[in-house]
Amino acid sequence: MGKIITKIVIVHSSGNELAHGMAGQIRDWLFHEGRSARIVETSREAAPPAETWAGAEMILTLGGDGTLLAVARAVQDLSIPILGLNLGTVGFLTEMSPTDWRDSLTAILRGEYDMSLRLVISFHVVRRGQEFYKGYAINDLVISCGSLARMIRLDMWYGNDHLGTVRADGMIVSTPTGSSGYSISAGGPLIYPELNVFALTPICPFLHAFRPMVLPFEKDLRVLVRDADVDVYLTQDGQTGVVLAPGDNVIASRAEKPLNLIRPLHSHYAHKLKSKGFVRES
């Protein structure tokens, strides 16, 4: 059981007419239920200012997992619980559907929910001894050559332990939350979402010299870009990122605060795996 929720911010991407219409419908319903609610439109070009979230006890995202991920990164330091209503396709992170939101929200608003605490990656890029870029990743960090199938060479350390030098099309550093995304498509493992571990999954490694591995997030991971004959990209959750240069170090650690996802009491991980096609019953 959780705390009673009275102040909600409803978030949807600008230009999504379905989400816009549903946001107004949910806001009116929340007012009728005696709750405070306001609507925020977001865009990929600019994150909402910090005051957008003032006083919020819950953020309700309308859209797909991408909308939820972008909001989660924006409010990472604020520890505001997030609940997603799925208007996308896969919707692995979003818990509600357009057909059951009234029943689900009724229970959640009166405290009938669990809180799922998810590990978040905090990272920074060091270039010639100076911090060049930093951020958070909810699903994964990916170092790759983008659309070009060219190999890059990466040196990898876990704490003081040198894991090895990898020649591959890239490397995925995945949280348990993101293990069901790009990582599993590249041959990585599914990981129970509330574990404090991360997965390293190479993208097409040369001669399969580096196998996927799961490590506890107790030490920093450091990835050094050795060399590449094409541009190397670092992307966060497949949504934003930066171009890396040879000699850059990407240093990743577990963020101090977890992501707080609201989970309805009827939501179960095994059922979600089956409904999304990750597990097939004979």
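Residues numbered from 1 in each chain as written. Predicted model: local features only at pLDDT ≥ 70, side-chain atom pairs only at ≥ 80, totals over all residues. Heavy atoms only, no water.

Could you clarify how one ought to interpret empty space enclosed by the protein in this entry?
Leftover empty space is mapped by rolling, across the atoms, a probe with the size of a water molecule. The tally for this structure, following the rule as stated, stands at 1 cavity of 30 Å³ or more. Forming the boundary of the largest cavity are Ala72, Val75, Gln76, Ser79, Ile80, Ile82, Pro258, Leu259 and Asn260. (1 Å grid on protein atoms, 1.4 Å probe; cavity = no way out; pocket = protein on both sides within 12 Å on 5 of 7 lines; lining within 4 Å. Points joined across faces, edges and corners; volume = space filled by probe spheres on them.)

Where do I start with the sheet that holds strand S16 (residues 240–244) in this structure?
The strands that make up a sheet are held in pairs by hydrogen bonds between backbone atoms, and each pair lies either parallel or antiparallel. The 6 strands are arranged S13-S12-S11-S8-S15-S16 in an open sheet whose pairing can be described as antiparallel. Both outer strands of the open sheet, strand S13 (213–216) and S16, are each paired with one neighbouring strand and no more. Going across the sheet, the axis of each strand differs from the next one's by a mean of 15°, ignoring polarity. (Pairing = 2+ DSSP bridges. Helix = DSSP H or I, 4+ residues; strand = E, 2+ residues; numbered from the N terminus. Axes fitted to C-alpha atoms, helices over the stretch in contact; angles between N-to-C directions.)

Would you mind showing me how to read the packing of helix H1 (residues 17–32) against helix H3 (residues 101–109) here?
Describing two packed helices takes the angle between their axes plus the distance from one axis to the other. In contact at an axis separation of 12 Å, H1 and H3 are set at 45° when each is read in the N-to-C sense. With respect to H3, the element H1 is oriented oblique. Considering the relative orientation of H1 and H3, their crossing is right-handed. Along the contact surface, H1 presents Gln25, Ile26, Trp29 and Leu30, while H3 presents Trp101, Arg102, Leu105, Thr106 and Leu109. Of the residues assigned to the contact of H1 with H3, the class counts are 6 nonpolar, 2 polar and 1 charged. (Parallel < 35°, antiparallel > 145°, perpendicular 65-115°, else oblique. Left-handed = near helix turned anticlockwise from the far one by under 90°. Contact = heavy atoms within 4.5 Å. Nonpolar A, V, L, I, M, F, W, Y, C, P; charged D, E, K, R; others polar.)

Would you take a moment to explain the packing of aromatic side chains for this structure?
Each aromatic ring pair is specified by the distance between its two centres and by the angle formed by the two planes. Counting across every chain of the model gives 4 aromatic pairs. Ring centres 6.0 Å apart and planes at 45° place the aromatic pair Phe123 and Tyr133 in the tilted group. With a gap of 10 residues between them, Phe123 in strand S6 (residues 121–127) and Tyr133 in strand S7 (residues 130–137) connect regions that are remote in the sequence. The exposure class assigned to Tyr133 is partly exposed, which follows from its relative accessible area of 21%. Between Phe198 and Phe217 the ring centres are 4.4 Å apart and the planes differ by 40°, which places this aromatic pair in the tilted class. You can see Phe198 sitting in strand S12 (residues 197–203) and its partner Phe217 sitting in the loop between S13 and strand S14 (221–227), a full 19 residues away along the chain. One aromatic cluster is present, formed by Tyr158, Phe198 and Phe217 through successive ring pairs. Sitting above the plane of the Phe132 ring, Arg127 keeps its charged end 3.8 Å from the centroid. Between the NZ or CZ atom of Arg222 and the centre of the ring of Trp157, over which it lies, the distance is 3.9 Å. (Phe/Tyr/Trp six-rings, centres within 6.5 Å; stacked < 30°, edge-to-face > 60°. Buried < 20%, exposed > 50% of the residue type's maximum accessible area, 1.4 Å probe, protein only. Lys NZ or Arg CZ within 6 Å of the ring centre and 35° of its normal.)

Can you walk me through the side chain of Asp237 in this structure?
With respect to the helices, strands and loops of the structure, Asp237 is situated in the loop between strand S15 (232–236) and S16. Owing to a relative accessible area of 10%, Asp237 belongs among the buried residues under this scheme. Polar side-chain contacts of Asp237 include one of 3.1 Å to the backbone nitrogen of Ile138. In this structure, Asp237 is in contact with Leu69, Arg73, Ala137, Ile138, Asn139 and Asp140, ignoring residues within four places of it in sequence. (Polar contact = N/O pair within 3.5 Å; in protein donor to acceptor, adjacent residues only side chain to side chain.)

Help me out: how do you make sense of the environment of Gly21 in this one?
Its place among the elements puts Gly21 in helix H1. Taking relative accessible area as the criterion, Gly21 reaches 42% and is therefore assigned partly exposed. With 165 residues separating them along the chain, Gly21 and Ala186 place their C-alpha atoms 37 Å apart.

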